[in-house]
Amino acid sequence: MNNSEPNPGDRPMVTDLSMDAAGDRRDAAPGRSSMSLQARLTLSFALVVIVAVGLVTLIFYLVVRQQLRQDIKDLLLDAVAIASLQIDGDLHATLLDPSQEGGPEYTQIRQVMQSIRDAGQDFRFVYTMRVGAGQAVFVVDAEDNPDDISHLGDVYDDINPELLPRLSRITGPIVEEEFYTDQWGTFLSGYAPVYASDGRVECVLGIDILADDVLAQERQILSIALLIFAFMIPASFLLGWVLSVMITGPMRELIEGAQRITGGDFTGRLAVRARDEFGLLAEVLNALSDRVRQDILNLETRVADRTREMDQRSTYLRAAGEVGYAVTSILNADRLIQQVVDLIRERFSLYYVGLFMVDAANEWADLRAGTGEAGKKMLAQGHRIKVGEGMVGWAVLNSQARVALEVEQDAVRLATSDLPDTRSEAALPLRSRGRVIGALTVQSTHPGIFDAEFISLLQTMADQVAVALDNANLFAESEDECFEQIKKLVSYIPWNNAKTAEPFPSKPPKSKEYKLSSIFPKDAKKPY
């Protein structure tokens, strides 16, 4: 090979941009320069993604945490509002001296408050206070631990100074905005006034939820967010490196296009700048944005699925379906009502369920079906309730459901010694074709379980049962009428040797079947 300097006439028409003015090739290192740009792009892209994902993760965590706390506050607000209605303000007003602690009035109120505490899964303390003269004084405390209990007359020294003025003029339930720490720990507290019969605020009912229970749920959400963020850190560097390779490759093609431009080819350079640099970068960023957005949507869906509690609703729907199947498949009234009361008691874990039917004179509601030994005993005794008396009689008379969340507080209810453990009760009318044919009584050993949703479902089932019973009665009446018509028809048929025929029954056979061979003798002469 000739080592002499090449002739200028032998050079290509496209000038090599990497040559200096003297015509000698520079000692350039395009690979090193490309790697430097690739490193900068990788680092920049990774930092942008980490910051973006970090901000999105932070915003997501803050939003979910805020929503979680708001849900807990709403739950606590409803709980303390309902619980305050269960406290007898007049009875509470009699507790004035510390010596009354442990007395019958104190014990009765304390038991109600303990049932309120036990009904809430996260309730730690339930107590009442009197607020006045710039201080809050404990009255009744449901706590069992002697180290944590607040006695009658104890002053609440650690009360939140900002809370005390609000409690002194409280007219409705409130919940503190933030956690508060006192000598018993850190809590989220809700308060509601307890009114006496004269309309004055007798005391304030307080319910505390441990901050640890709330913070544990927040930490779980934070762990998930940090896990996603930690995963995105190496992923962002990997994606940045891939993107930088994809960008630097087209840029080399851009350099080649620039070299071609020097030879007069302008179209290639413009096409590369529009497609290979900015266009490819936009597609990668869009793909990354879609991936991050999809990850957030998936995470929100998982969190929503974990926090959604649908067990109770599913139980209601299953029970309603079973009762609906029973009323559409059973025509025998006695069998139907017994199966209905058994189904309702079993599916809803109730203490007792009974079904009453109104007599023809619309004066008495007779027990037709009842669950358990108590139901059998009352059926054997012919248990009945006069229309207009008791919860059952009231429901029949007014064609409305009557609910006693605390049976001791319902003046209309008629107590029975056969059901001593009843704490809450509801009576629902059986309505069909614009009239009340009976009533359904449901009883539980737990107070306050018959909420509006539960009563609505039970009333729907009661109406279904009423329509089914009405249909069964109509079916029986139609069957009897049909039998009477057949009986009349048979009486007009002439017989030979009719004395040998069996007498036609006066009532339809219980089996609902009657063979004509028992009516027509074998040797009877037919008139046709």
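Each remark here, short or long, concerns the structure printed above.
Remember, predicted model here, so these are calculated numbers, not experimental data.

## Description of the overall build of the chain
A count of helices and strands for the chain gives 11 helices and 12 strands. Counting over 528 residues, the chain shows a buried share of 38%. Contacts spanning at least 24 positions in sequence make up 58% of the contacts within the chain whose residues lie at least 6 apart. Here the chain has roughly 30,800 Å² of accessible surface; of this, 56% comes from carbon and sulfur atoms.

## Observations concerning the packing of aromatic side chains
One pass over the full model with this rule turns up 7 aromatic pairs. Arranged with centres 5.7 Å apart and planes meeting at 75°, the rings of Y127 and F138 form a pair that is edge-to-face. Of this pair, Y127 sits in strand β1 (residues 123-132) while F138 sits in strand β2 (residues 135-141), placing them 11 residues apart in sequence. Each member of the pair Y127 and F138 is classed as buried. With a centroid separation of 5.9 Å and 85° between ring planes, the pair formed by F138 and W184 is classed as edge-to-face. Residue F138 is located in strand β2, and its partner W184 is located in the loop between β4 (180-182) and β5 (185-195); the two are separated by 46 residues in the primary sequence. A residue is classified by how much of its surface remains accessible, and W184, at 23% relative accessible area, is partly exposed.

## Overview of the nonpolar core
The nonpolar side chains of a soluble globular protein tend to be buried, and buried together. In terms of nonpolar packing, the biggest core is built from 38 residues, with I344, F348, V442, L458 and L469 touching the most fellow members. At the level of elements, α7 (311-329), α8 (333-347), β7 (352-358), β11 (424-432), β12 (435-444) and α11 (452-491) are the ones that each hand at least two residues to this core. The biggest single contributor to this core is α11, with 11 residues. When near neighbours in sequence (up to four residues on either side) are disregarded, L458 contacts I344, F348, L428, V442 and F450. With 35 residues, the next largest nonpolar core counts V64, L68, V80 and L188 among its residues.

## Considering the side chain of Q443
Secondary-structure assignment places Q443 in strand β12. The class for Q443 is buried, based on a relative accessible area of 5%. At 3.5 Å, the side chain of Q443 forms a polar contact with the side chain of E425. Setting aside residues up to four positions removed in sequence, Q443 forms contacts with L350, Y351, Y352, R413, L419, T422, S424, E425 and F450.

## Some points on the environment of Y316
The residue Y316 is located in helix α7 in this model. Taking the relative accessible area as the measure of exposure, Y316 reaches 8% and is therefore buried. Spatially, the C-alpha atoms of Y316 and F454 are 8.1 Å apart, while their sequence positions differ by 138 residues. Those residues in contact with Y316, other than ones at most four positions away along the chain, are F348, E453, F454 and L457.

## A short note on the sheet that holds strand β10 (residues 402-404)
With respect to topology, 6 strands assemble into an open sheet ordered β9-β8-β7-β12-β11-β10, the strand pairing being antiparallel. Taken across any chain shown, the strands that pair with only one partner, and hence form the sheet edges, are β9 (384-386) and β10. On average, each strand axis in the sheet is inclined to that of its neighbour by 25°, with strand direction left out of account. In the sheet, β7 pairs with strand β8 (residues 364-370) via 5 bridges, with the strands oriented antiparallel. Paired with L355 across the strands is A369, a residue of β8.

## Re the pattern of salt bridges
Pairing between side chains of opposite charge can happen when the charged atoms of each approach one another. Under the counting rule described, the total for this entry stands at 22 salt bridges. Of the charged contacts, one joins D198 and R200 as a salt bridge, the two residues approaching to 3.2 Å between their closest N and O atoms. Accessibility expressed as a relative area gives 54% for D198, which makes it exposed. Within this structure, R110, R117, D118 and D144 form a network of salt bridges that share partners.

## Comments concerning helix α9 (residues 372-380)
Taken as a whole, α9 has its buried residues at A374, G375 and M378. The buried residues of α9 occupy one face: seen down the axis, they fall within an arc of 100°. For α9, exposure combined with an orientation more than 90 degrees from the buried face picks out E373, K376 and A380. The inward-facing, buried residues of α9 abut β7 and β8. Of the residues flanking the end of α9, it is G382, one or two places downstream, whose phi is positive at about 70°.

Thresholds applied
Residues numbered from 1 in each chain as written. Predicted model: local features only at pLDDT ≥ 70, side-chain atom pairs only at ≥ 80, totals over all residues. Heavy atoms only, no water. Helix = DSSP H or I, 4+ residues; strand = E, 2+ residues; numbered from the N terminus. Buried < 20%, exposed > 50% of the residue type's maximum accessible area, 1.4 Å probe, protein only. Contact = heavy atoms within 4.5 Å. Areas by Shrake-Rupley, 256 points an atom, 1.4 Å probe, with all protein chains shown as cover. Phe/Tyr/Trp six-rings, centres within 6.5 Å; stacked < 30°, edge-to-face > 60°. Core = buried A, V, L, I, M, F, W, Y, C linked by side-chain atoms within 4.5 Å. Polar contact = N/O pair within 3.5 Å; in protein donor to acceptor, adjacent residues only side chain to side chain. Pairing = 2+ DSSP bridges. Axes fitted to C-alpha atoms, helices over the stretch in contact; angles between N-to-C directions. Salt bridge = Lys/Arg side-chain N within 4 Å of Asp/Glu carboxyl O. Arc of directions from axis to C-beta.

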